[in-house]
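# Structural overview for review
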Amino acid sequence: DCMQAFFESMPGIVLTVLIAFVALLVGVGYFHAKERKRNSVKILVFSAVAIALGTALSMVSIVKMPQGGSLTLFSMFIVSMIGYFFGPVQGILCGIAYGMLQLAIGPYVVHPAQLLLDYPIAFGMLGLSGFFHKRSDGLIPGYIVGVFGRLVCSVLSGVIFFAEYAEGTGLSPFAYSLAYNLAYMGGEAMLTCVLLILPPVRNAIGYIRRFVLSE
């Protein structure tokens, strides 16, 4: 495929461009926070740490799927947590930046629209957790909504660009894409939610959130 060959033929250039784009997104979040008179330095630091930690955890695959995607060690939660701490704008920007790094690390691209759906848009959806940032009990609901947003994008991408994988399975492209993506995203979400209901974990995140939001 031409798009995939392009990314594989120029990894150094592509990685440099994508890292620059990530830096730009984080910078946009910084200035957005500054304009709203929020602690922009703290937002910048925590967003950068979340992107780096989420990227590192994404490389720890508990289950790796045959056509891409994997159940990772809570990487989606780390990214969605920025939205829960700072709101949807910072959360979505952080998710987009994280998605672009995922593209740099392990690109699988067959079409420009598929690139957008599977990387910046899909991972940007993790920032939807930000719509729950004013709720003290919004951690788990926000995370679930963020994962659902990413799932919708990935299922849509599968139906449009990878329908041939459903051939011979007895499933429609939609059913196959839903089952395939739900297998690893749903599995990771369930494990994460089990972790988040543990009182020590919930209390620790609450403490971090209070520290982050303190002036």
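Quick look at the structure, then. Residue positions are given per chain, counting from 1 as you read along its sequence in written order. Restriction of local features to residues with pLDDT of at least 70 applies here, the model being predicted, together with a cutoff of 80 or more for giving and counting side-chain atom pairs; totals for whole chains, interfaces and linings are based on all residues. Derived side-chain values reflect all non-hydrogen atoms in the structure, with water molecules and hydrogen atoms excluded from consideration.

Under the DSSP-based scheme used, a helix requires at least four consecutive residues in state H or I and a strand at least two consecutive residues in state E, with every element numbered from the N terminus. Within the protein one finds nine helices and two strands. Ordered by position from N to C terminus, the α and β elements of the protein give α-α-α-β-β-α-α-α-α-α-α. When each of the 215 residues of the protein is scored for burial, the buried share is 47%. Here, residues are in contact when the closest pair of their heavy atoms is within 4.5 Å. A sequence separation of at least 24 residues applies to 71% of the contacts in the protein between residues at least 6 apart. Here the open area of atoms and residues is found with the Shrake-Rupley method and a 1.4 Å probe, where only the protein chains shown may cover a residue. Here the protein displays about 10700 Å² of accessible surface, and carbon together with sulfur accounts for 73% of that area. Relative accessible area decides the class of each residue, using a 1.4 Å probe on protein chains only: under 20% of the type maximum gives buried, over 50% gives exposed, and in between gives partly exposed.

What follows covers unusual backbone geometry. The phi dihedral of phenylalanine 74 is positive, around 65°, even though this residue is not glycine. Residue classification places phenylalanine 74 among the partly exposed positions, given a relative accessible area of 24%.

Let us look at the nonpolar core. Judged by nonpolar contacts, the single largest core of 42 residues is most densely connected at Phe77, Phe85, Tyr143, Val147 and Ile205. Where this core is concerned, the elements lending two or more residues are α3 (40–58), α4 (75–86), α5 (88–105), α6 (112–124), α7 (139–161), α8 (173–196) and α9 (199–213). Here this core gets nine residues from one element, more than from any other, and that element is α4. Among all residues touching valine 147, those that are not within four sequence positions of it are Met76, Leu126, Met185 and Ala189. Buried Ala, Val, Leu, Ile, Met, Phe, Trp, Tyr and Cys residues that are joined via side-chain atoms within 4.5 Å together make up what is termed a nonpolar core. Leu117, Ala122, Phe161 and Phe162 belong to the second-largest nonpolar core, a separate cluster that totals five residues.

Let's shift gears to α5. Every helix has an expected span of 1.5 Å times one less than the residues it contains. The end-to-end C-alpha distance of α5 is 25 Å, a good match for the 26 Å that 18 residues give at a rise of 1.5 Å each. Within α5, 15 of the 18 residues are buried, which leaves the element mostly enclosed by the surrounding structure.

Pairing between strands is defined by DSSP: at least two bridges between them are needed. Relative to strand β2 (residues 70–72), strand β1 (residues 61–64) is paired through three bridges, and the arrangement is antiparallel. Across the sheet, serine 61 pairs through a bridge with threonine 72, a residue of β2. A loop of five residues connects β1 with β2, the two strands running antiparallel in sequence, and glycine 68 in this loop sits at a positive phi of about 105°.

Each pair of aromatic rings taken from Phe, Tyr and Trp, with Trp reduced to its six-membered ring, is defined by centres within 6.5 Å and is described as stacked if the planes are under 30 degrees apart, edge-to-face if over 60, and tilted in the remaining cases. All chains considered together, the criterion is met by nine aromatic pairs. Summarising the aromatic geometry, the rings of tyrosine 108 and phenylalanine 162 are spaced 5.9 Å apart at their centres and angled 35° between planes, so their arrangement reads as tilted. A residue pair is termed long-range when its members are at least 10 positions apart, and tyrosine 108 in the loop between α5 and α6 and phenylalanine 162 in the loop between α7 and α8 qualify at 54 residues. An aromatic cluster is built from Tyr84, Phe85 and Phe86, whose rings are joined through pairwise contacts. Sitting over the ring of tyrosine 84, arginine 209 keeps its end group 4.5 Å from the ring centre. Working rule: Lys NZ or Arg CZ, within 6 Å of ring centre, within 35 degrees of ring normal, means a charge sits over the ring.

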